[in-house]
Amino acid sequence: MLEARHTMDAPTTTSADNGTSGGGGDWFTPRNTPTANPDSEPGTEPGPGPSRPAEEASPDAILIRRVMAEVTPVADKVTSYFYALLFVRYPDLRPLFPPAMDTQRDRLLRALLTAAEHIDNTDVLVDYLQNLGRGHRKYGTRPEHYPAVGECLIGALSKYAAGVWNEETEAAWIRTYTTISQIMIDASATDELRAPAWWYAEVVAHDLRTPDVAVITVRPDQPYPFLAGQYTSLETPWWPRIWRHYSFASAPRSDGLLSFHVKAVPAGWVSNALVHRAGPGDIIRLGPPTGSMTVDHTTDSGLLCVGGGTGIAPIKAMVEDVAEYGERRSVEVFYGARTEHDLYDIETMLRLQQAHPWLSVRAIIDQQARQQLPDAVRSFGPWNEYDAYLSGPPGMIRSGVDALRSIGIPSERIRHDSVEELAAAWS
Ligand SMILES: NC(=O)C1=CN([C@@H]2O[C@H](COP(=O)(O)OP(=O)(O)OC[C@H]3O[C@@H](n4cnc5c(N)ncnc54)[C@H](O)[C@@H]3O)[C@@H](O)[C@H]2O)C=CC1
């Protein structure tokens, strides 16, 4: 299953002003209390309607896409203008955003595209927005922040889509944004009853495996439930309000410790801090667990796992999960790296292989194999009885999906995290 997880990760915020100032009126003011069933359609707010094929787009979807087509070529301008509006009208909110807004700006546009893309696909949209609403709790986002964001969003879209903007398009955006924000608010309110907005975690071990890869182990301040294959967002004390994603590198452990594999990448503030600066005793913050690249325990199909570089982290967690679960299903791991030196976790993987007869681990080193990881996987097999899991750089995921589909694995049996998000957020 390709995950419908994209990068709509900008904190939606504005001043404690209830959103009725600044020209937006109360168009976007969603209800502040959760609906009776937060997993259902958001109450009486107009929703995107039932899922339907793309060729039968709803009237709102047609209007939304018309605007998107206008603004996409000037994405940078729209996003800059949106944030300018937001921070001028609601300056109190500026501190909730990271000091440097580059990534954030990029995220907003993608968020819009995602919402527009899925406006008729209620299930995907709801699931995605609920996750997003929960994830926004760590930014300090409150229900009263949403109206101002909607107001500034409309302000920016109407300016840059002037050619197609009219009462009808505006009404469609208002309906859509109201739906979006209501789902997020509801999910956040429900989550508040069962989980903290974030967890503090103390670094208890820092193992520099190569000059730029560290395996970091942390102890959360309270229980942290998650599933093997998922990932979290992480903030370091050195770069406040900059959150980056890392997969859990172990299945849930009885001692409650969590581990991450971090590679310091050029211009990666968080990754460099984690690899070169962090040490035992440092306190980081963790957001909630997320992601659906998890082991399906309802089947006993074999697992074909392809991990490139630090993408091996969630694969290792899933192998441990299978071991823990007790099912003796076949698990075939391909662990790719550019050089032998980059196979920083091969010993762990080989130890797991030794302990579990159902597990096979193959290291594929570009330089030796003279081919990239996905091609190497294709030359083994057959894989048509397997569920496939891909984790690694975006290019590897893309060519991995192509390679696996070309040998007959249907898309719904191929799982991976969002390529867009990988590109943006694992640094
Ligand atoms: N740290 C973590 O928890 C996680 C990290 N990731 C992602 O994994 C990646 C790891 O990066 P590095 O360790 O630097 O990996 P890398 O760039 O050294 O590549 C690792 C392997 O992927 C293959 N590969 C790379 N680009 C490819 C392409 N375009 N087509 C086919 N194969 C390709 C290479 O052949 C190599 O075997 C990052 O993009 C990170 O975002 C993914 C999940 C979890």
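What you see is a predicted model; the values in this text were computed from it and never measured.

Visitor: Outline the sheet that holds strand β1 (residues 199-210), supporting the account with residue identities and numerical values.
Guide: Read across the open sheet, the 6 strands follow the order β4-β3-β6-β1-β2-β5; overall the sheet is antiparallel. The two strands at the open ends of the sheet, each matched to only one other strand, are β4 (243-247) and β5 (258-263). Averaged over all neighbouring strand pairs, the angle between strand axes comes to 40 degrees, with direction disregarded. In terms of strand pairing, strand β3 (residues 231-235) meets strand β6 (residues 283-286) through 2 bridges, oriented antiparallel. Opposite Glu 235, over in β6, you have Arg 285 as the bridge partner. Sheet contacts for helix α7 (residues 269-276): β1, β2 (213-220), β3, β4 and β5; angle to β5, the most-contacted strand, approximately 115 degrees.

Visitor: Please provide a residue-by-residue account of unusual backbone geometry, values included.
Guide: The omega torsion of the bond from Gly 381 to Pro 382 falls at 5 degrees, within 30 degrees of zero and hence cis. Take Pro 382: it is sitting in the loop between α11 (373-378) and β10 (386-391). Positive phi, close to 70 degrees, is recorded for Arg 241, a residue that is not glycine. Considering the arrangement of structural elements, one finds Arg 241 in the loop between β3 and β4. Residue Ala 267 is not a glycine yet carries a positive backbone phi of 65 degrees. Following the sequence through the fold, Ala 267 ends up in the loop between β5 and α7.

Visitor: Could you give an account of the UniProt feature "domain: FAD-binding FR-type" (unreviewed entry) in the chain, naming the residues involved and the relevant values?
Guide: In this numbering, the UniProt entry assigns the feature "domain: FAD-binding FR-type" (unreviewed entry) to residues 196-296. Across residues 196-296 one finds 8% helix and 40% strand; the C-alpha atoms that close the span lie 27 Å apart.

Visitor: I'd love a proper account of the packing of aromatic side chains, names of residues and values included.
Guide: Geometry of an aromatic ring pair is reported as the spacing of the ring centres plus the angle between the planes. Under the defined criterion, the tally for this structure stands at 15 aromatic pairs. A ring pair is formed by Trp 383 and Tyr 386, whose centres lie 5.0 Å apart and whose planes are at 85 degrees; its orientation type is edge-to-face. Neither Trp 383 nor Tyr 386 differs from the other in exposure class; each is buried. Here a set of aromatic residues connected by ring pairs shows up, and it is made of Trp 199, Tyr 224, Phe 226, Phe 248 and Phe 260.

Visitor: Please provide a residue-by-residue account of the sheet that holds strand β8 (residues 331-337), values included.
Guide: Overall, parallel pairing links the 5 strands, which are arranged β9-β8-β7-β10-β11 in an open sheet. Here the strands that pair on one side only, and so sit at the sheet edges, are β9 (359-365) and β11 (414-416). Taking the axes of each pair of neighbouring strands and ignoring which way they run, one obtains an average angle of 15 degrees across the sheet. Relative to β8, strand β7 (residues 302-308) runs parallel, the two sharing 6 bridges. Its bridge partner being in β8, Leu 304 is matched across the sheet by Glu 332.

Visitor: If you had to explain the confidence of the model for the chain to someone new, which residues and values would you point to?
Guide: Confidence in the prediction for the chain averages 83 pLDDT; 81% of positions are at 70 or higher. This model gives residues 1-51 a pLDDT under 50, and the stretch forms 170 contacts once residues within four places in sequence are excluded. Complex prediction metrics read pTM 0.83 and ipTM 0.98.

Visitor: Tell me about the pairing of β3, and name the residues and values.
Guide: β3 sits mainly inside the fold: 5 of its 5 residues count as buried. Alternating positions in β3 separate into two faces, Tyr 231, Ser 233 and Glu 235 on one and Thr 232 and Leu 234 on the other, with burial throughout. Examined bridge by bridge, β3 and β4 share 5 bridges and lie antiparallel to one another. What sits directly across from Tyr 231, in β4, is Ser 247.

Visitor: A description of the nonpolar core should follow, citing residues and the corresponding values.
Guide: For soluble globular proteins, the rule of thumb is that nonpolar side chains tend to be buried together. One finds Phe 82, Leu 86, Leu 129, Leu 157 and Trp 173 to be the most contacted residues of the largest nonpolar core, which totals 39 residues. Counting residues per element, this core draws most heavily on helix α5 (residues 146-160), which supplies 8 residues.

Visitor: Account for the packing of helix α4 (residues 122-135) against helix α6 (residues 167-192), naming residues and giving values.
Guide: Two numbers describe how α4 lies on α6: the axes approach to 7 Å, and their chain directions differ by 55 degrees. Looking at the two axes, α4 sits oblique to α6. By crossing handedness, the relation of α4 to α6 is classed as right-handed. Taken together, the residues of α6 that come into contact with α4 (itself represented by Val 126, Leu 129, Gln 130, Leu 132, Gly 133 and Arg 134) are Ile 180, Ile 183, Met 184, Ala 187, Ser 188 and Asp 191. For the contact of α4 with α6, the class distribution of residues is 7 nonpolar, 3 polar and 2 charged.

Visitor: Explain the side chain of Ser 259 to me, and be specific about the residues and the numbers.
Guide: Position of Ser 259 among the secondary structure elements: in strand β5. For Ser 259, a relative accessible area of 6% corresponds to the buried category. A polar contact is formed between the side chain of Ser 259 and the side chain of Ser 250, at a distance of 3.0 Å. With residues up to four places along the chain from it excluded, the contact list for Ser 259 reads Ile 216, Thr 217, Ser 247, Phe 248, Ala 249 and Ser 250.

Visitor: Can you break down the pattern of salt bridges residue by residue, with the values?
Guide: Two side chains that carry opposite charge are able to pair once their charged atoms sit near each other. As enumerated under the stated definition, the model contains 13 salt bridges in all. Between Glu 192 and Arg 142 there is a salt bridge; the shortest N-O distance is 3.7 Å. Residue Glu 192 is found in helix α6, and its partner Arg 142 is found in the loop between α4 and α5; the two are separated by 50 residues along the sequence. When its relative accessible area of 38% is taken as the criterion, Arg 142 is described as partly exposed. Put simply, Glu 235 and Arg 285 hold a salt bridge, and the shortest N to O gap is 2.6 Å. Of the two residues, Glu 235 sits in strand β3 while Arg 285 sits in strand β6, which places them 50 residues apart along the sequence. For Glu 235, a relative accessible area of 8% gives the class buried. Taken together, the shared-partner salt bridges connect Arg 137, Asp 191 and Arg 194 into one network.

How each quantity is defined
Sequence positions are assigned chain by chain, starting from 1 and proceeding in written order. Only residues with pLDDT of at least 70 get local features here, since the model is predicted, and only at 80 or more are side-chain atom pairs given and counted; chain-wide, interface and lining totals rely on the full set of residues. To get the side-chain values, take all heavy atoms of the structure and skip hydrogens and water. We treat two strands as partners when DSSP finds at least two bridges between them. Helix and strand definitions follow DSSP, with helices as H or I runs of at least four residues and strands as E runs of at least two, each counted in order from the N terminus. A fitted line through C-alpha atoms serves as each axis, taken over the contacting stretch for helices, and the angle formed by two N-to-C directions is quoted from 0 to 180°. Should any heavy atoms of two residues lie within 4.5 Å, those residues are considered in contact. UniProt positions are given in the numbering used here, feature names are shortened, and annotations may be inferred rather than shown by experiment. Any two rings among Phe, Tyr and Trp, with Trp reduced to its six-membered ring, count as a pair given centres within 6.5 Å; such a pair is stacked if its planes are under 30 degrees apart, edge-to-face if over 60, and tilted if neither. A simple rule labels every residue: compare its accessible area, found with a 1.4 Å probe on the protein chains alone, to the largest value its type can have, and call it buried under 20%, exposed over 50%, or partly exposed in between. Known as pLDDT, the predictor's confidence for each residue is given on a scale from 0 to 100. What we call a nonpolar core is a set of buried Ala, Val, Leu, Ile, Met, Phe, Trp, Tyr and Cys residues that are connected through their side-chain atoms within 4.5 Å. To sort the angles, those under 35 degrees are grouped as roughly parallel, those over 145 as roughly antiparallel, those from 65 to 115 as roughly perpendicular, and the leftovers as oblique. Here is the rule for handedness: rotate from the far helix to the near one, and if that takes an anticlockwise turn smaller than a right angle the crossing is left-handed, while a clockwise turn gives right-handed. Side-chain classes are defined by residue name, with Ala, Val, Leu, Ile, Met, Phe, Trp, Tyr, Cys and Pro counting as nonpolar, Asp, Glu, Lys and Arg as charged, and the others, Gly among them, as polar. Polar contact is the term for a pair of N or O atoms within 3.5 Å; when the atoms are in protein, one must be able to donate a hydrogen and the other to accept it, and sequence-neighboring residues count only if both atoms are side-chain atoms. Counted as salt bridges are all cases of a side-chain nitrogen of Lys or Arg within 4 Å of a carboxyl oxygen of Asp or Glu.

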